[in-house]
Amino acid sequence: MVKTQHSTFIVLLMFLALLLSQCKTEPSQKENSQLSENQDEIIDYFKEVALGFEFGGPEITRKWDRDILILVEGEENQALRNELNDIVEELNDLISDENIELIITSDSLDYNFYVFFGTGDDYADINPDAEDYVADNFGFFYVNTNISDHIIWASMYVDTERADPQRQLHLLREELTQSLGLAKDSDWYSDSIFNSDYTVAVTEYSEFDKALIQLLYHPQMSTGLDSTEADSVLREIIGDVIE
């Protein structure tokens, strides 16, 4: 009986030694899940820009779940038309959701995104919801969502009378991108399309901007997520977007 107990004790010691050896040679799950400083910054910036709107509303994720059919009306402005083509091409490359493609259309009976180039007053005549905002904003966007917090309709304008040509290009890219669900301005990064400083007229996406678009339209990113819920998903998918 004593011999059996002694043998069992030896086996237990060997098992404990094996466990200690594994703990020394293999990184812990926490270490494996640690993010780079760059990834942490992008996650924080996502939560800064992608939750809620400038003018209020629940701070949750929202995005499109269908093709975005863009109808352009107003002033004939070739520079803005060319820029719109470029932005649409860039966004289609960044969005990985196969259910979503941005398409510029001339069909006034079949569209879900209205873009207007012209004065604020003319745009407010078309979109009365903008009336209280166009006086102080040379660019403006408006979205409608369904019960699932998916965007189903959007409208925006660029003021071609008060804004200079460089700022017009900036406003087109900013308002259109915010209409995707990245709806807030921020003063965190001067090279970001979402920069809130009026003196800055960025006309290209920064690397962080591109990452935010890719994260929002990652297949695992859902709508209706608050900051804590979004953070959990972001930490799972950030490695698919940036190392």
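A. Local environment of the overall build of the chain. Each helix and strand counted, the chain has 8 helices and 6 strands in total. By residue count, 43% of the 243 residues in the chain fall in the buried class. Taking the contacts inside the chain whose residues are at least 6 apart along the sequence as the reference set, 69% of them involve residues at least 24 apart. Within the structure as shown, the chain displays about 13,200 Å² of accessible surface, and the carbon and sulfur contribution to it stands at 48%.

B. Spotlight on helix α7 (residues 207-216). Extensive coverage of α7 is indicated by the burial of 7 of its 10 residues. Along α7, the residues classified as buried are Phe208, Asp209, Ala211, Leu212, Ile213, Leu215 and Leu216. Residues of α7 that are buried sit in contact with α3 (37-49), β1 (63-64), α4 (78-94), α6 (165-178) and α8 (227-241).

C. Main features of the environment of Tyr133. Inspection of the secondary structure puts Tyr133 in the loop between α5 (120-126) and β5 (139-145). For Tyr133 and Gly120, which are 13 residues apart along the polypeptide, the C-alpha to C-alpha distance reads 8.7 Å. Not counting chain neighbours up to four residues away, the residues in contact with Tyr133 comprise Phe55 and Phe140.

D. Quick peek at the pattern of salt bridges. On inspection of all chains with the given rule, the structure shows 10 salt bridges. Measuring nitrogen to oxygen at the nearest pair gives 3.0 Å for the salt bridge that ties Glu90 to Arg173. One end of the pair, Glu90, is in helix α4; the other, Arg173, is in helix α6, with 83 residues separating them in the sequence. Classification of Arg173 as buried rests on a relative accessible area of 2%. One salt bridge connects Asp159 with Arg162, and the closest N-O pair in it is separated by 2.7 Å. Salt bridges sharing common partners tie together Asp40, Lys47, Asp231 and Arg235.

E. Focus on the packing of aromatic side chains. Counted under the stated rule, the structure contains 12 aromatic pairs. In this structure an aromatic cluster arises from ring pairing among Phe116, Tyr123, Tyr133, Phe140 and Tyr157. Positioned above the aromatic ring of Tyr198 is the side chain of Arg167, whose terminal nitrogen or guanidinium carbon lies 3.9 Å from the ring centre. One Lys or Arg, Arg173, reaches over the ring of Tyr205 and ends 4.6 Å from the middle of that ring.

F. Region of interest: the environment of Asn137. With respect to the helices and strands, Asn137 occurs in the loop between α5 and β5. Residue classification places Asn137 among the partly exposed positions, given a relative accessible area of 25%. A C-alpha to C-alpha distance of 9.7 Å links Asn137 and Arg162, two positions 25 residues apart in sequence. Not counting residues within four places of it along the chain, the set of residues in contact with Asn137 comprises Tyr157 and Arg162.

G. Focus on the confidence of the model for the chain. In this model, the chain carries a mean pLDDT of 87, and residues with pLDDT of at least 70 account for 86%. For residues 1-32, every residue scores under 50 in pLDDT, and the model assigns this stretch 1 contact once sequence neighbours within four places are set aside.

H. Molecular detail of α8. The axis of α8 is deflected most strongly, by about 40 degrees, at Arg235. Restricting attention to buried positions, one finds in α8 the residues Ala230, Asp231, Val233, Leu234, Ile237 and Ile238. In this structure, the buried side of α8 is in contact with α3 and α7. By the N-cap criterion, in which a side-chain oxygen at the helix start approaches the backbone nitrogen of a residue two or three places on, α8 is capped by Asp226, the distance to Thr228 being 3.2 Å.

I. Geometry of the packing of α3 against α8. Axis separation between α3 and α8 bottoms out at 10 Å; the angle between their running directions is 140 degrees. Two packed elements cross with a definite hand, and for α3 against α8 that hand is right-handed. Side by side, α3 and α8 meet where Gln39, Asp40, Ile42, Ile43, Phe46 and Lys47 of the first sit next to Ser227, Asp231, Leu234, Arg235, Ile238 and Gly239 of the second. For the contact of α3 with α8, the class distribution of residues is 5 nonpolar, 3 polar and 4 charged.

Conventions used here
- Residues numbered from 1 in each chain as written.
- Predicted model: local features only at pLDDT ≥ 70, side-chain atom pairs only at ≥ 80, totals over all residues.
- Heavy atoms only, no water.
- Helix = DSSP H or I, 4+ residues; strand = E, 2+ residues; numbered from the N terminus.
- Buried < 20%, exposed > 50% of the residue type's maximum accessible area, 1.4 Å probe, protein only.
- Contact = heavy atoms within 4.5 Å.
- Areas by Shrake-Rupley, 256 points an atom, 1.4 Å probe, with all protein chains shown as cover.
- Salt bridge = Lys/Arg side-chain N within 4 Å of Asp/Glu carboxyl O.
- Phe/Tyr/Trp six-rings, centres within 6.5 Å; stacked < 30°, edge-to-face > 60°.
- Lys NZ or Arg CZ within 6 Å of the ring centre and 35° of its normal.
- pLDDT = per-residue confidence, 0-100.
- Bend = angle between axes of the 7 residues up to and from the residue.
- Polar contact = N/O pair within 3.5 Å; in protein donor to acceptor, adjacent residues only side chain to side chain.
- Axes fitted to C-alpha atoms, helices over the stretch in contact; angles between N-to-C directions.
- Left-handed = near helix turned anticlockwise from the far one by under 90°.
- Nonpolar A, V, L, I, M, F, W, Y, C, P; charged D, E, K, R; others polar.

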